[in-house]
Amino acid sequence: TGMTGYTAARRILDAAGLRHVPIECIQGELTDHFDPRSNVLRLSNGVYNSSSVAAIGVAAHECGHAIQYAEEYTPMKVRGALVKVTNFSSSISMFIVILGLIFSFRELALVGVALFSVVVLFQLVTLPVEFNASRRAVKILDGYMDREELSGVKSVLSAAAMTYVAALVSAIFQLIRLLAIVGGGRDRK
């Protein structure tokens, strides 16, 4: 199409009535995101300036998040509400589990497991947010791209979505492992 990630994002945001949402070019790879706190879409240099199908798909996906935010999409609001508690929980949960195990204080270890379960909940709530943003991106790009390009976008976004599924599955297995370890301590007594 000749569009770059930036031009695709600008078209999509403008068409959604989000002309006021700025688009910034940032350093790094895989740093693309919509920041709801400052209502800014940030695209990595590789997406911002690239005209590849992947770059346009990523830009459109991030626009999907901006549209979700503007429409007050409920799963995004829930996810946003969980961010601070998830950051806290993920940083301290394992430390508390280990302390509980070292000092044979099962209740403390269970508090750590409960804190880690917040991380699992966050991963679970993230899935509909990410899948919805990708669906929105494909639907929007259907008017800008031909079938072959759109097929490429779908492939890129499907692969990206699977990373969120993998993160959830990994977190669930980690939670099960923690429960087995902490629960196993009871059986040894």
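As the structure is a computational prediction, the values presented were derived from the model and not from experiment. (Residues numbered from 1 in each chain as written. Predicted model: local features only at pLDDT ≥ 70, side-chain atom pairs only at ≥ 80, totals over all residues. Heavy atoms only, no water.)

(A) Local environment of the packing of aromatic side chains. Following the criterion strictly, the structure yields 2 aromatic pairs and no others. With centroids separated by 5.0 Å and ring planes inclined at 40 degrees, the aromatic side chains of Tyr 6 and Tyr 48 adopt a geometry described as tilted. Linking Tyr 6 in helix 1 (residues 5-15) with Tyr 48 in helix 2 (residues 45-48), this pair joins segments that are 42 residues apart in sequence. Tyr 6 sits in the partly exposed class, given a relative accessible area of 27%. For Tyr 48, a relative accessible area of 19% translates into the label buried. The ring of Tyr 73 carries Arg 136 above its face, with NZ or CZ at 5.6 Å from the centroid. (Phe/Tyr/Trp six-rings, centres within 6.5 Å; stacked < 30°, edge-to-face > 60°. Helix = DSSP H or I, 4+ residues; strand = E, 2+ residues; numbered from the N terminus. Buried < 20%, exposed > 50% of the residue type's maximum accessible area, 1.4 Å probe, protein only. Lys NZ or Arg CZ within 6 Å of the ring centre and 35° of its normal.)

(B) Structural view of the packing of helix 3 (residues 53-70) against helix 5 (residues 106-141). In contact at an axis separation of 7 Å, helix 3 and helix 5 are set at 115 degrees when each is read in the N-to-C sense. Between helix 3 and helix 5 lies a crossing whose hand is right-handed. Side by side, helix 3 and helix 5 meet where Ile 56, Gly 57, Ala 60, His 61, Gly 64, His 65, Ile 67 and Gln 68 of the first sit next to Val 129, Glu 130, Asn 132, Ala 133, Ser 134, Arg 136, Ala 137, Ile 140 and Leu 141 of the second. For the contact of helix 3 with helix 5, a count of residues per class yields 8 nonpolar, 7 polar and 2 charged. (Axes fitted to C-alpha atoms, helices over the stretch in contact; angles between N-to-C directions. Left-handed = near helix turned anticlockwise from the far one by under 90°. Contact = heavy atoms within 4.5 Å. Nonpolar A, V, L, I, M, F, W, Y, C, P; charged D, E, K, R; others polar.)

(C) Fine view of the layout of surface pockets. Each pocket or cavity is described by its volume, and for the largest pocket that value is around 1,100 Å³. Considering the residues around the largest pocket, the lining is formed by 40 residues, among which Asp 32, His 33, Phe 34, Glu 62 and Arg 79 are closest to the centre. Sorting the residues of the lining of the largest pocket by element identifies strand 2 (33-35), helix 2, helix 3, helix 4 (74-102), helix 5 and helix 6 (147-188) as the ones contributing at least two each. If one sorts the elements of the lining of the largest pocket by residue count, helix 4 sits on top with 9 residues. (1 Å grid on protein atoms, 1.4 Å probe; cavity = no way out; pocket = protein on both sides within 12 Å on 5 of 7 lines; lining within 4 Å. Points joined across faces, edges and corners; volume = space filled by probe spheres on them.)

(D) Representation of the pattern of salt bridges in the model. Scanning all chains against the criterion turns up 5 salt bridges. Between Arg 42 and Glu 24 there is a salt bridge, with the nearest N and O atoms lying 2.9 Å from each other. Of this pair, Arg 42 sits in strand 3 (residues 40-44) while Glu 24 sits in strand 1 (residues 23-26); the two residues are 18 residues apart in sequence, bridging distant segments of the chain. A salt bridge links Glu 71 to Arg 136, with the shortest nitrogen-to-oxygen separation between them at 3.0 Å. One end of the pair, Glu 71, is in the loop between helix 3 and helix 4; the other, Arg 136, is in helix 5, with 65 residues separating them in the sequence. (Salt bridge = Lys/Arg side-chain N within 4 Å of Asp/Glu carboxyl O.)

(E) Region of the structure containing the side chain of Arg 10. Its location among the elements puts Arg 10 in helix 1. A residue is classified by how much of its surface remains accessible, and Arg 10, at 17% relative accessible area, is buried. Ignoring anything within four residues of it in the chain, the contact list for Arg 10 reads Leu 18, Arg 19, Val 21, Pro 22 and Ile 23.

(F) Representation of a nonpolar patch on the surface. On the surface, Ile 98, Ile 102, Phe 103 and Phe 105 cluster together to form a nonpolar patch covering roughly 460 Å² of accessible area. By the secondary structure assignment, Ile 98 is in helix 4. Looking at Ile 98, the relative accessible area reads 48%, which means it is partly exposed. (Patch = residues over 30% accessible without salt bridge, like charges linked within 9 Å, V, L, I, M, F, W, Y side chains within 5 Å. Areas by Shrake-Rupley, 256 points an atom, 1.4 Å probe, with all protein chains shown as cover.)

(G) Summary view of the nonpolar core. Of all hydrophobic cores here, the largest spans 30 residues; its most connected members are Ala 9, Leu 13, Ile 23, Leu 41, Leu 43 and Leu 141. For this core, the secondary-structure elements that each account for two or more residues are helix 1, strand 3, helix 2, helix 3, helix 5 and helix 6. At 7 residues, the largest contribution of residues to this core is made by helix 3. Contact partners of Ala 9, with chain neighbours within four places excluded, come to Ile 23, Leu 41, Leu 43, Ala 59 and Cys 63. Among the nonpolar cores identified, the runner-up in size contains 12 residues, and Val 97, Phe 116, Leu 127 and Leu 168 belong to it. (Core = buried A, V, L, I, M, F, W, Y, C linked by side-chain atoms within 4.5 Å.)

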